[in-house]
Every structure is written in C-alpha cells, then in structure tokens.
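Structural description and commentary
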Amino acid sequence: MRASNHLIGLLNFLTFLLSIPILGGGIWLSSRANNTDCMKFLQWPLIVIGVAIMVISLAGFAGACYRNTFLMWFYLWAMFFIIAALIGFVIFAYAVTDKGSGRTVPNRVYSDYYLDDYSGWLEERVSDDSYWRKIGSCIRDSKVCAKMGRNIGGVPESAHSFYLRRLSPIESGCCKPPTECGYAYVNETVWNTGGGVVGSNPDCYSWSNDQEQLCYACNSCKAGVLASLKKSWRKVSVINIVILIILVIVYVVACAAFRNNRRIDNDEAYGETRMTKAHPSRIQF
C-alpha cells in the first residue's frame, strides 16, 4: 500500500513537470501575440490548461502523501477533463490551420501569400474589418518592417541579396508589394512602380511607400498573419501531442495504482474480520 502511494505521488510530480512546457507554450504564444502574430486570445486556453494541470497535480501529490481519498478522486476526475480539453485544443489547432501556405515565386527564395488560399473560422476572424484594424495596428507598432533593413559593408542591401532572403510570412505579406505587381526594388520597404503596375491583384494598388501604410491594408498581409499563426500553432501542437501521450500513460498508471491501493485497503479489512470470526478470542470485551 505504501509503495502504491509512493507511485501515485511520483506520477503526480511527473504531471506537475509536464505542465511546465504546456504553460511555456502558452507564454511563448502570448509573446508572439504581442510582437509578431498579434492574435491575443489564442494563447489563453493553453495557459489555463497548463495552470490547471499544475494545481491539480499538487492536489494529487498531497492526496497521495496524506492518503486523502477525496483529493485523489478530485485529481483523477479533474485530470480526465483536462486531458479531454487538451485533446480538443490540439484538434481545434490543426482544424483551423489546415488550409493555406505560401506560393513559390520564380527567382525568389521567399514566398508570396494570398488570402484566397485560406478559408475557415480563423480566416474569417482575421479578415473581419474591426478585428483586422487591431491586428494591423499591432503589426505596425511591432516595427517588424522597419527591422528588415540591412546594410552590407555600409551599403544598403541590393535587390539580388534581398531576393535571396527567407522572409517571414508577415515580412513578405505586409512589408513589400506582391511580386506579380511588377514593382522595382529600391530598398526593403520602398518600391517604385517602374514601367507601371501590372496584374489585377487589388493589393498592387493598396501598396504605399508611406512607412506607416506599406501593405498593412493588403490581403497579402492578412494571409501572412494566417501563415505565421499556422506555423506557431503547429509548433506548439507538436509539443502538446507528445505531452498528451505521456499524460494519458501517466493517468492510466495512476488509475491502476489508485485502484490497487483501494483493493489492498479492502482486502486488509476483510482479512481482519475473517480472522476474528475463524479464531475468536476466548476473552470477549
């Protein structure tokens, strides 16, 4: 019985440790929400799940140490619902980021991004005008485009060097015009029309060399945000899937150990009663 309690306590300590990377993933998404992706609600479910696992693991650990049956039942039931919530979060994250990716551009290392390649709940939320004003303002305030500038030997980066850069989705979608528009490179965030704008993409006419405007109103910028979100969520989801598998294994072992603990308690009580009846004491009090 004591060994079972030790095992349950050890498993609770392990789930406590597993809550740390989940919480860390939520905090990482939160930092990106403030500086890069600018979607400020997606991280909260993960943070809540991480904190809940941490608190419930401590309750289970205390229940194992002090043999408190109520705390152990609370741990097992609460952990069941948390595992279900984590499964739901992983499924949701993959479902809303299932479609869309960058399009390759001839003679360029970076990709271009088109809103038509995306669909679903997340695309509708990002494209909503009232919500996009907040996202666009966040991207502008993050200075992500201003940070693109490079000097090589004191000389601004050439067009050839720029074309060989691996731009992030937001840098490609928000800080430059779409390649199909035919703009001529001057520097990372200044492009001239040259012989005139070509192509029928509305973003070609939304581009502005005003550093406060650039392509923040472009559909390509919205697509870049969606691509960046997809990349961030997929990274966190891979970690969550690994942790989820470990959590399920730990939970099953904890359930087996708890049942074994209860069986031992019941057998001991039953054995004592049987012994008393089989060999009654000569002296009855």
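Parameters at a glance
Residues numbered from 1 in each chain as written. Predicted model: local features only at pLDDT ≥ 70, side-chain atom pairs only at ≥ 80, totals over all residues. Heavy atoms only, no water. Phe/Tyr/Trp six-rings, centres within 6.5 Å; stacked < 30°, edge-to-face > 60°. Helix = DSSP H or I, 4+ residues; strand = E, 2+ residues; numbered from the N terminus. Buried < 20%, exposed > 50% of the residue type's maximum accessible area, 1.4 Å probe, protein only. Lys NZ or Arg CZ within 6 Å of the ring centre and 35° of its normal. Axes fitted to C-alpha atoms, helices over the stretch in contact; angles between N-to-C directions. Parallel < 35°, antiparallel > 145°, perpendicular 65-115°, else oblique. Left-handed = near helix turned anticlockwise from the far one by under 90°. Contact = heavy atoms within 4.5 Å. Nonpolar A, V, L, I, M, F, W, Y, C, P; charged D, E, K, R; others polar. 1 Å grid on protein atoms, 1.4 Å probe; cavity = no way out; pocket = protein on both sides within 12 Å on 5 of 7 lines; lining within 4 Å. Points joined across faces, edges and corners; volume = space filled by probe spheres on them. Expected span 1.5 Å × (residues − 1). Arc of directions from axis to C-beta. Disulfide = S-S within 2.5 Å. Salt bridge = Lys/Arg side-chain N within 4 Å of Asp/Glu carboxyl O.

**A look at the packing of aromatic side chains**
Under the criterion given, the structure shown has eleven aromatic pairs. Centre to centre, the rings of Tyr163 and Tyr185 are 6.3 Å apart; their planes meet at 70°, and the pair counts as edge-to-face. With Tyr163 in helix H6 (residues 159-163) and Tyr185 in strand S5 (residues 184-187), this pair connects stretches of sequence that are 22 residues apart. Exposure remark for Tyr163: the relative accessible area of 17% places this residue in the buried category. An aromatic cluster is present here, built from Tyr110, Phe162, Tyr163, Tyr185 and Trp191 joined pairwise through their rings. Just above the ring of Tyr114 sits the side chain of Arg103; from NZ or CZ to the centre is 4.1 Å. Arg108 extends its terminal NZ or CZ atom over the ring of Tyr163, reaching a point 3.6 Å from the ring centre.

**Examining the packing of helix H2 (residues 44-66) against helix H3 (residues 69-96)**
Packed helix pairs are specified by the crossing angle of their axes together with the interaxial distance, meaning the distance between the axes. Interaxial distance between H2 and H3 falls to 9 Å at its minimum, and their mutual angle equals 160°. Classified by the angle their axes make, H2 and H3 are roughly antiparallel. In this structure, H2 meets H3 at a crossing whose hand is left-handed. Across the interface between the two elements, Pro45, Leu46, Ile49, Ala52, Ile53, Ile56, Ser57, Ala59, Gly60, Ala62, Gly63 and Ala64 from H2 touch Leu71, Met72, Phe74, Tyr75, Ala78, Met79, Ile82, Ala85, Leu86 and Phe89 from H3. Across the contact of H2 with H3, the residue classes tally to 19 nonpolar, three polar and no charged.

**A word on empty space enclosed by the protein**
Empty space among the atoms becomes visible once a probe the size of a water molecule is rolled across them. Under the criterion given, the structure shown has two cavities of 30 Å³ or more. Considered as a void within the structure, the largest cavity measures approximately 60 Å³ in volume. If you go around the largest cavity, the residues you meet are Val96, Thr97, Lys99, Tyr118, Ser119, Leu122, Glu123, Leu226 and Lys230. For the lining of the largest cavity, the elements supplying multiple residues, two or more each, are helix H4 (121-127) and helix H9 (219-278). The class makeup of the residues in the lining of the largest cavity is four nonpolar, two polar and three charged.

**Topic: helix H5 (residues 129-142)**
Quick reminder: α-helices carry 3.6 residues per turn. Residues three or four places apart thus point the same way. The terminal C-alpha atoms of H5, which comprises 14 residues, lie 20 Å apart, in line with the 20 Å expected from a rise of 1.5 Å per residue. Of the positions making up H5, those classed as buried are Tyr131, Trp132, Ile135, Gly136, Cys138, Ile139 and Ser142. The buried residues of H5 occupy one face: seen down the axis, they fall within an arc of 160°. In H5, those exposed residues whose orientation departs by more than 90 degrees from the buried face are Asp129, Arg133, Lys134 and Asp141. Positive phi shows up at Lys143, right after H5, with a value of about 60°.

**As for the state of the cysteines**
What we call a disulfide is simply a covalent bond connecting the sulfur atoms of a pair of cysteines. Counted by the stated rule, this structure contains four disulfides. Two residues share a disulfide in this structure: Cys181 and Cys204, whose sulfurs sit 1.9 Å from each other. Torsion about the S-S bond of the Cys181 and Cys204 cystine: about -85°, corresponding to left-handed handedness. With Cys181 in the loop between helix H7 (169-174) and S5 and Cys204 in helix H8 (residues 203-206), the pair connects residues that are 23 residues apart, well separated along the chain.

**Section: the pattern of salt bridges**
Under the counting rule described, the total for this entry stands at four salt bridges. A salt bridge links Asp112 to Lys176; the shortest N-O distance between them is 2.8 Å. Note that Asp112 is positioned in strand S2 (residues 111-112) and Lys176 in the loop between H7 and S5, a separation of 64 residues in sequence. A single burial state applies to Asp112 and to Lys176, both of which are buried. Among the ionic contacts, a cluster of salt bridges with common partners joins Glu157, Arg165 and Glu188.

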